[in-house]
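So the chains spell out like this:
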Amino acid sequence: MVRHSSRIELKKSAYKNNITFIRRKIGEHATISSVVKANAYGHGIRTFVPMAEGCGINHFSVASSFEAEEVMDVCSAGSRIMIMGILYEEDIPWAIENGIEFFVYNYERLPKILDAAKIIGKPAKVHVEVETGANRTGLPQKDFLNVLSFLKKHKQHVLFEGLCTHFGGAESVSNQFKIDMQHKRYKAFLKQCREKKILPNTRHIACSAAALAMPDTVYDMVRIGVAQYGFWPSPDIYFSHLHETNKKADSSLKRIFSWRTDIMDIRDVEQGEFIGYGTSFQATHKMTIAVMPLGYSNGYPRALSNRGHVLIHGKKAAIVGLINMNLFMVDITHIKEARLGDEVVLIGRQHTNVINVSSFTNSTQLLNNEMLSRLPAAIPRTVVR
Ligand SMILES: *Cc1c(COP(=O)(O)O)cnc(C)c1O
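Thresholds, definitions, all that
- Within any chain, residue numbers begin from 1 and follow the written order of that chain's sequence.
- It should be noted that, the model being predicted, local features are given only for residues of pLDDT at least 70 and side-chain atom pairs only at 80 or more, the latter also being counted only at that level, while totals for whole chains, interfaces and linings use all residues.
- The side-chain numbers reported here are obtained from all heavy atoms of the structure, hydrogens and water having been left aside.
- Labels follow the DSSP assignment, with helices taken as runs of H or I lasting at least four residues and strands as runs of E lasting at least two, numbered in each case from the N terminus.
- Helix span, as expected, comes to 1.5 Å for every residue beyond the first.
- Any residue under 20% of the maximum accessible area for its type is buried, any over 50% is exposed, and the rest in between are partly exposed; the area is computed with a 1.4 Å probe on protein chains only.
- The directions from the helix axis to the C-beta atoms are what the arc is built from.
- Note on definitions: angles span 0 to 180 degrees between N-to-C directions of axes, and those axes are lines fitted to C-alpha atoms, for helices only across the stretch in contact.
- Throughout this description, any angle smaller than 35 degrees is read as roughly parallel, any larger than 145 degrees as roughly antiparallel, any in the 65 to 115 degree range as roughly perpendicular, and the remainder as oblique.
- Handedness of each helix crossing follows the sense of rotation of the near helix against the far helix: counterclockwise by less than a right angle gives left-handed, clockwise gives right-handed.
- Every residue pair with non-hydrogen atoms within 4.5 Å of one another is taken to be in contact.
- Domain start and stop points were drawn from an automatic or database domain assignment.
- Each pair of aromatic rings taken from Phe, Tyr and Trp, with Trp reduced to its six-membered ring, is defined by centres within 6.5 Å and is described as stacked if the planes are under 30 degrees apart, edge-to-face if over 60, and tilted in the remaining cases.
- Note on definitions. A residue lies near a molecule or strand when any single heavy atom of the residue is within 4 Å of it.
- Accessible surface is estimated by sampling points in the Shrake-Rupley manner with a 1.4 Å probe; for residues, cover comes only from the protein chains shown.
- Gly is put with the polar residues, along with every residue not named as nonpolar or charged; the nonpolar set is Ala, Val, Leu, Ile, Met, Phe, Trp, Tyr, Cys and Pro, and the charged set is Asp, Glu, Lys and Arg.
- Only buried Ala, Val, Leu, Ile, Met, Phe, Trp, Tyr and Cys residues count toward a nonpolar core, and they belong to the same one when joined by side-chain atoms within 4.5 Å.
- Any Lys or Arg side-chain nitrogen located within 4 Å of an Asp or Glu carboxyl oxygen qualifies as a salt bridge.
- Pairing between strands is defined by DSSP: at least two bridges between them are needed.
- Whether a crossover is right-handed depends on one test, that the path from the first strand over the helix to the second runs clockwise when the strands point away from the viewer.

Points about helix H1 (residues 12-26)
Logical step 1: Taking 1.5 Å per residue as the helical rise, H1 with its 15 residues ought to reach 21 Å, and the 21 Å between its terminal C-alpha atoms agrees with that figure.
Logical step 2: Taken residue by residue, H1 has Ala14, Tyr15, Asn18, Ile19, Phe21, Ile22, Lys25 and Ile26 as its buried positions. In an axial view of H1, the angular spread of the buried residues amounts to 160 degrees, which keeps them on one side of the axis.
Logical step 3: Gly27 sits one or two positions beyond H1 and adopts a positive phi of about 90 degrees.

Next up, the structure:
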């Protein structure tokens with residue numbers, strides 16, 4: 001196999017550390033569902049899922065049946081998969097056949113699920129997602145009693161696997177009143193279940209932010225995305241943790257991701273010359289520049305033109321000129337030891353220096369999640385210790 005223009009490494013020890021930290025926060029009993037939508041937030045489902053299993057995770061949440069299939073390809077037989085988002089009607093039999101759990105958020109779906117489950121001869125595992133105030137997906141209150149009656153009547157074919165909801169903005173303290181209202185409404189749904197004497201196997205509402213900062217949102221399962229990858233969901237959640245633990249700083253969550261490439265070429269540029277396309281960068285003195293073999297088509301944000309940095313021999317090298325589709329240039333005038341083929345860190349640590357995803361996202365106004373999840377699936381991912 002020929003070599004790709006960049007590579008991503010996942011650090012297993014850091015992941016293990018993050019899971020241990022999250023486990024300490026949420027207590028002993030709740031299941032951790034690892035949210036691996038968007039190609040595991042760019043970390044790469046195919047590499048990430050087996051690594052997570054090696055750290056004791058055996059429940060995975062995805063956004064689509066397409067992603068569920070990808071997880072299924074690489075996960076072990078004992079692991080469970082839950083689709084939180086799009087499952088087309090034509091794929092319902094496929095999900096039931098493969099024991100894949102899925103969200104249901106309207107009543108009309110249920111008879112179709114029942115028919116498919118009967119034909120296949122296996123029960124469907126549904127998580128009823130209820131509307132509590134995010135007004136995204138979510139079953140309206142007015143249909144809930146009908147759903148409960150249906151599930152009660154057909155319980156040998158359609159399992160009431162979960163009752164869930166999703167908070168719209170749990171990472172921000174300023175949304176607290178809304179989150180509290182959502183939780184209150186969720187409790188009202190649970191009360192109706194008790195009154196109807198039909199209970200879900202699993203109650204789950206917490207994402208990373210809620211699980212880390214609001215202990216009362218931890219029921220039987222938590223759906224953890226961003227925190228497992230080593231990112232605090234927001235400064236609010238980080239500071240609430242510092243306050244709770246009476247610390248000034250905390251490095252409990254560790255990034256597991258690093259992104260590297262190599263120097264493709266080195267050349268001298270005379271004073272007054274322009275670098276790359278256009279005239280956005282003119283050499284103010286005689287410079288040495290290194291050429292990077294990737295660009296915006298490979299997930300490197302174009303907004304970092306003339307402002308981002310990479311690491312070479314542990315030193316920061318500034319981007320000069322525009323990020324091209326498949327190339328960009330950096331200034332290495334001050335890094336005399338740089339040679340063709342030397343390692344370049346795009347995100348991650350090199351010697352004592354580090355480039356964080358957030359150092360990208362601060363200047364590009366992209367959220368961590370957005371930048372990571374846009375990294376092309378074609379970049380090879382490997383696990384390191
Ligand atoms: C993405 C997502 C999560 C995980 O959110 P994080 O903030 O990354 O932990 C949980 N539940 C649902 C429904 C989601 O879509």
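Some remarks on the packing of helix H6 (residues 109-120) against helix H7 (residues 144-153)
Logical step 1: H7 packs onto H6 with a crossing angle of 15 degrees between their chain directions and a minimal axis gap of 11 Å. For the element pair H6 / H7, the angle class is roughly parallel. Judged by the twist between their axes, the crossing of H6 over H7 is right-handed. Contacts from Leu110, Pro111 and Leu114 in H6 reach Val147, Phe150 and Leu151 in H7.

Considering helix H4 (residues 65-74)
Turn by turn, an α-helix covers 3.6 residues, leaving residues three or four places apart pointing in a common direction.
Logical step 1: Regarding H4, the residues found buried are Ser65, Glu67, Ala68, Glu70 and Val71.
Logical step 2: Elements in contact with the buried residues of H4: helix H2 (37-41), helix H3 (45-53), strand E3 (59-64), strand E4 (80-86) and helix H5 (92-97).

Some points on the domain arrangement of the protein
Accessible area lost during the coming together of the parts is what is often quoted as the interface size.
Logical step 1: One can read the domain layout of the protein as domain 1 (12-245) and domain 2 (257-355).
Logical step 2: For domain 1 versus domain 2, the separation of C-alpha centres amounts to 41 Å.

Points about the packing of aromatic side chains
Logical step 1: Applying the stated criterion across every chain yields a total of eleven aromatic pairs.
Logical step 2: Connected via pairs of aromatic rings, a cluster forms that spans Tyr15, Tyr41, Phe48 and Tyr229.

Quick notes on the site of the ligand
Logical step 1: Close to the ligand lie Val35, Lys37, Tyr41, Met84, Arg136, His166, Cys207, Ser208, Arg223, Ile224, Gly225 and Val226.
Logical step 2: With the chains in place, 89% of the 390 Å² that the ligand exposes on its own is no longer accessible.
Logical step 3: If you list the elements that add at least two residues to the shell around the ligand, you get H2 and strand E9 (221-224).
Logical step 4: Taken together, the residues that form the shell around the ligand break down as six nonpolar, three polar and three charged.

Quick word on the packing of H7 against helix H8 (residues 176-196)
Logical step 1: In the contact formed by H7 and H8, the axes pass within 11 Å of each other and the chain directions differ by 40 degrees. Taken together, the axes of H7 and H8 are oblique relative to one another. For H7 against H8, the interelement crossing comes out right-handed. Across the interface between the two elements, Phe144, Leu145, Leu148, Ser149 and Lys152 from H7 touch Phe189, Gln192, Cys193 and Lys196 from H8.

Points about the nonpolar core
Logical step 1: Of all hydrophobic cores here, the largest spans 118 residues; its most connected members are Trp259 and Ile312.
Logical step 2: Each of domain 1 (12-245) and domain 2 (257-355) contributes no fewer than three residues to this core.
Logical step 3: Those residues in contact with Ile312 that lie beyond four places of it in its chain are Ile263, Met292, Ala317, Val330, Ile332, Ile335, Ala338, Glu343, Val344 and Gln350.
Logical step 4: Listed in part, the nine residues of the second largest apolar core include Ile275, Phe281, Met287 and Ile289.

Regarding the pattern of salt bridges
Logical step 1: What the rule picks out here adds up to 17 salt bridges.
Logical step 2: One salt bridge connects Glu70 with Arg46, and the closest N-O pair in it is separated by 3.4 Å. Taken together, the residues Glu70 in helix H4 and Arg46 in helix H3 connect sequence positions 24 residues apart.
Logical step 3: The salt bridge involving Asp250 is made with Lys247; its shortest N-O contact spans 2.8 Å.
Logical step 4: Look at Asp250 and you get buried, because its relative accessible area is 10%.

Let's talk about the sheet that holds strand E8 (residues 202-204)
Logical step 1: Taken in spatial order, the eight strands of this open sheet run E8-E7-E6-E5-E4-E3-E2-E9, and their pairing is parallel. Strand pairing shows two members of the sheet lacking a second neighbour, E8 and E9, which therefore form its edges. Shown here is a sheet whose adjacent strand axes are inclined to one another by a mean of 30 degrees, direction ignored.
Logical step 2: As paired elements, strand E2 (residues 31-35) and E3 share two bridges and run parallel to each other. Residue Ser34 lies in a different strand from E3, and its bridge partner there is Phe60.
Logical step 3: Contacting E3 and E4, H4 crosses the sheet at an angle of about 145 degrees to E3.
Logical step 4: Each of strand E6 (124-129) and strand E7 (158-164) is contacted by H7, which is oriented at about 145 degrees to E7, the strand it contacts most.

Description of the pairing of E7
Logical step 1: With six of seven residues buried, E7 is to be regarded as a mostly interior element.
Logical step 2: Where E6 lies against E7, six bridges are found, and the strand directions are parallel. From the neighbouring strand, Lys125 faces E7, where its bridge partner is Leu159.
Logical step 3: Read from E6 through H7 to E7, the crossover connection turns out right-handed.
Logical step 4: The pairing of E7 with E8 spans three bridges and is parallel. Across the sheet, residue Gly162 finds its bridge partner in E8, namely Thr202.

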